[in-house]
Amino acid sequence: MPRHATVTLLACLLPSAAPAPTVKGQGEETLMSMQRQDETLSWSGLGVGTDRPSFLAKVREQLPDYEPEQASEAVCCGLSALLPEGLVAQIRQQLPEDSRSLMEGCERQPGADAGRMDRDDFYLHVANHLNAEPENVRLVLHGVFAALQTQITEAEARKIEGQLPRWLAGTWAAARLGIDRPS
């Protein structure tokens, strides 16, 4: 069966699917690869990155004045200290393999009880880890949260938002929606 007839037959069998884009070259028509994209889809199909460098590039876009690795580690450390261990493990599983260490490498501070950590303690924890002023922490949180949410599914992002204290859930939601970015 000629190639053109095969393409036509497939188009008839799959009427709800849009026809594949084609290019003409040297007298014949060929199907374009559907895998060529400007951004690589994540393994889950819902994010925009597949590895640590793409995640850190997203952080760099959000926070050009900070070292992306250090900012990511500080925020993920704070999150892992604040969230229940089971949820931290679920986040880790959502991340690409080479980014999982961001959620593994933070040891909980001695005497720090996630249930008792308030906003000031959390901001100070992240600021100390980042060696930044506490008043700049919300900007860093927003930037890393936005990048982190490109790496996990929407369902996981909503689960995290539901587990965060109200004083932090707003920053998480704003980062997901791309609004209310601190200056």
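Above this text you will find the structure in question.
Reading the values: rules and limits
Residues numbered from 1 in each chain as written. Predicted model: local features only at pLDDT ≥ 70, side-chain atom pairs only at ≥ 80, totals over all residues. Heavy atoms only, no water. Helix = DSSP H or I, 4+ residues; strand = E, 2+ residues; numbered from the N terminus. Buried < 20%, exposed > 50% of the residue type's maximum accessible area, 1.4 Å probe, protein only. Contact = heavy atoms within 4.5 Å. Axes fitted to C-alpha atoms, helices over the stretch in contact; angles between N-to-C directions. Left-handed = near helix turned anticlockwise from the far one by under 90°. Nonpolar A, V, L, I, M, F, W, Y, C, P; charged D, E, K, R; others polar. Expected span 1.5 Å × (residues − 1). Phe/Tyr/Trp six-rings, centres within 6.5 Å; stacked < 30°, edge-to-face > 60°. Salt bridge = Lys/Arg side-chain N within 4 Å of Asp/Glu carboxyl O. Core = buried A, V, L, I, M, F, W, Y, C linked by side-chain atoms within 4.5 Å.

Break down the overall build of the protein for me, with residues and values.
When its secondary structure is counted, the protein shows 9 helices and 2 strands. The N-to-C order of helical and strand elements in the protein reads α-β-β-α-α-α-α-α-α-α-α. Here the protein, with 183 residues, has 38% of them falling under the buried criterion. Intrachain contacts of the protein at a sequence separation of at least 6 include 65% that bridge at least 24 residues.

Give me the lowdown on the packing of helix H2 (residues 52-62) against helix H7 (residues 137-149), citing residues and values where you can.
Between H2 and H7, the shortest axis-to-axis distance is 8 Å and the interhelical angle comes to 145°. Note that H2 runs across H7; the crossing there is right-handed. Across from Phe-55, Lys-58, Val-59 and Gln-62 in H2, the residues of H7 making contact are His-142, Gly-143, Val-144, Ala-146, Ala-147 and Leu-148. Partitioning the contact of H2 with H7 into residue classes produces 6 nonpolar, 3 polar and 1 charged.

Outline helix H9 (residues 166-177), supporting the account with residue identities and numerical values.
With 12 residues, H9 should cover 16 Å at 1.5 Å per step; its first-to-last C-alpha distance of 17 Å lies within 8% of that length. Buried residues belonging to H9 abut helix H3 (68-82), helix H6 (119-130), H7 and helix H8 (154-163).

Go over the packing of aromatic side chains, please, and point to the residues and values.
Considering all chains together, one arrives at 3 aromatic pairs under this definition. Centre to centre, the rings of Phe-122 and Trp-167 are 5.6 Å apart; their planes meet at 55°, and the pair counts as tilted. In this pair, Phe-122 is assigned in helix H6 and Trp-167 in helix H9, connecting sequence segments 45 residues apart. Between the aromatic rings of Phe-145 and Trp-172, the centroid separation amounts to 4.9 Å while the plane-to-plane angle is 65°, which identifies the pairing as edge-to-face. With a gap of 27 residues between them, Phe-145 in helix H7 and Trp-172 in helix H9 connect regions that are remote in the sequence. You'll find Phe-145 and Trp-172 in the same group, each marked buried. Ring pairing ties together the aromatic residues Phe-122, Tyr-123 and Trp-167, which thus form one cluster.

Pulling in residues and values, what's your account of the pattern of salt bridges?
Scanning the entire structure with this criterion turns up 5 salt bridges. Among the salt bridges present, the one from Arg-176 reaches Glu-161, with a minimum N-O distance of 2.5 Å. Separated by 15 residues along the polypeptide, Arg-176 in helix H9 and Glu-161 in helix H8 bring together distant segments of the chain. Classification of Arg-176 by relative accessible area gives partly exposed; the value is 22%. The network of salt bridges with common partners includes Glu-154, Arg-158, Glu-161 and Arg-176.

Can you break down the nonpolar core residue by residue, with the values?
Grouped together as the largest cluster of nonpolar side chains are 43 residues, with contacts concentrated most on Leu-141, Leu-164 and Trp-172. At the level of elements, H2, H3, helix H4 (85-94), helix H5 (101-104), H6, H7, H8 and H9 are the ones that each hand at least two residues to this core. For this core, the element with the most residues is H7, which contributes 9 residues. Residues in contact with Leu-141, not counting those within four places in the same chain, are Val-75, Phe-122, Tyr-123, Val-126, Leu-168 and Thr-171.

Remember that the coordinates give geometry; whether it matters functionally is a separate question.
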